[in-house]
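# Residue-level structural notes
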Amino acid sequence: MEDRAIVQMYWDRDEKAISATSEKYGSYCLSIAGNILGNHEDAEECVNDTYMNTWNSIPPSRPEMLSTYLGRIVRNLSFNLYKKNKAEKRGRGQIAIVLDELSEIIADSKTTEEEWNHRQLVDCINDFLGGLSVQKRSLFVCRYWYADSVKEIAKRFGMTENNVSVVLRRLRSQLHNYLIERGFEL
């Protein structure tokens, strides 16, 4: 089923929208949540919460790309649950490693004084990513958006784990320099 039809089902308040979403994007959402949380039960909980949040947010939203819309919701819910779990006990999954890798480059959003500055940072990062080759951008997004492990990325792209690690380290360094050149204090 096409995304437009699924979104229209949400607008029509047709409960079949949730099953259609689950059928088309369930494994996609579960993969994102699982990579962040490292626990299947917690990941399933976030996916179910994603369906509920989607139901509650469409309407008024009418997403152009349902996959991106769902990915953002499940990612945010997973990060929130990760933070809650980490407060209760030591964190699990790839996310601790991913956040640690990026922490040297990007300041914590809590230290960002104004939303405008945050938006400028996001735009600058998007510009940086737009200037990369498709493969490098894909590697970066797989690691830092989907929180895929280096091993999974290496397998997906037919590379060695060491090669993926080197490419990611160089990309982080390039991003760091790119942001400094544009006036961001890191």
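An account of the accompanying structure is given in this report. In this text, all values refer to a predicted model and were calculated from it rather than measured experimentally. (Residues numbered from 1 in each chain as written. Predicted model: local features only at pLDDT ≥ 70, side-chain atom pairs only at ≥ 80, totals over all residues. Heavy atoms only, no water.)

## Examining the side chain of Ser 57
Stated formally: Secondary structure elements follow DSSP: runs of H or I of four or more residues count as helices, runs of E of two or more count as strands, with numbering from the N terminus. Buried residues are those whose accessible area, probed at 1.4 Å on protein chains only, stays under 20% of the maximum for their type, while exposed residues exceed 50% and partly exposed ones sit between those limits. We call two N or O atoms a polar contact when they sit within 3.5 Å, provided that within protein one can donate a hydrogen and the other can accept it, with sequence-adjacent residues counted only if both atoms are side-chain atoms. In what follows, residue pairs with any heavy atoms lying within 4.5 Å of each other are defined as contacts.
Along the chain, Ser 57 falls in helix H3 (residues 40-57). Taking the relative accessible area as the measure of exposure, Ser 57 reaches 19% and is therefore buried. For Ser 57, the side chain forms a polar contact with the main-chain oxygen of Asn 53, separated by 2.9 Å. Separated by 2.5 Å, the side chains of Ser 57 and Tyr 69 make a polar contact. Every residue in contact with Ser 57, bar those within four places of it in the chain, is listed here: Tyr 69 and Ile 73.

## As for the pattern of salt bridges
In a structure, side chains of opposite charge can pair up when their charged atoms sit close to one another. What counts is decided by this rule: For salt bridges, the criterion is a side-chain nitrogen of Lys or Arg within 4 Å of an Asp or Glu carboxyl oxygen.
Throughout the structure, instances matching the rule amount to three salt bridges. The closest approach of N and O atoms between Asp 3 and Lys 24, which form a salt bridge, is 3.0 Å. Here Asp 3 is found in helix H1 (residues 3-11), whereas its partner Lys 24 is found in helix H2 (residues 16-37), with 21 residues between them in sequence. In this structure Asp 3 comes out as buried when scored by relative accessible area, which is 16%. One salt bridge connects Arg 156 with Asp 148, and the closest N-O pair in it is separated by 2.7 Å. Overall, the relative accessible area of 4% leaves Asp 148 in the buried class.

## Looking at H1
Rules: The arc under discussion is defined with respect to the helix axis, by the directions toward the C-beta atoms.
Considered for burial, the residues of H1 that qualify are Asp 3, Ile 6, Val 7, Met 9 and Tyr 10. Each buried residue of H1 sits inside an arc of 150° when the element is viewed along its axis, so together they form one side. With its phi angle positive at about 60°, Arg 13 sits one or two positions after the end of H1.

## Overview of unusual backbone geometry
Note the cis peptide between Ile 58 and Pro 59, where omega equals -15°. Residue placement: Pro 59 occurs in the loop between H3 and helix H4 (66-88). Look at the link from Pro 59 to Pro 60: it is a cis peptide, with omega at 15°. Mapping Pro 60 onto the fold places it in the loop between H3 and H4. Despite not being glycine, Arg 13 shows a phi value in the positive range, around 60°. Position of Arg 13 relative to the elements: it lies in the loop between H1 and H2.

## Quick notes on the packing of helix H8 (residues 150-157) against helix H9 (residues 161-181)
Here is the rule we go by: For every element, the axis is a line fit to its C-alpha atoms; helices are fit only across the contacting stretch, and the angle between N-to-C directions ranges from 0 to 180 degrees. Roughly parallel means an angle under 35 degrees; roughly antiparallel, over 145; roughly perpendicular, 65 to 115; everything else is oblique. Residue classes follow a fixed rule: Ala, Val, Leu, Ile, Met, Phe, Trp, Tyr, Cys and Pro count as nonpolar, while Asp, Glu, Lys and Arg count as charged, and any other residue, Gly among them, counts as polar.
The geometry of H8 relative to H9 is characterised by a closest axis approach of 8 Å and an angle of 105° between their N-to-C directions. With respect to H9, the element H8 is oriented roughly perpendicular. Residues Val 150, Lys 151, Ile 153 and Ala 154 of H8 touch H9, and the partners they reach there are Glu 161, Val 164, Ser 165 and Leu 168. For the contact of H8 with H9, the class distribution of residues is five nonpolar, one polar and two charged.

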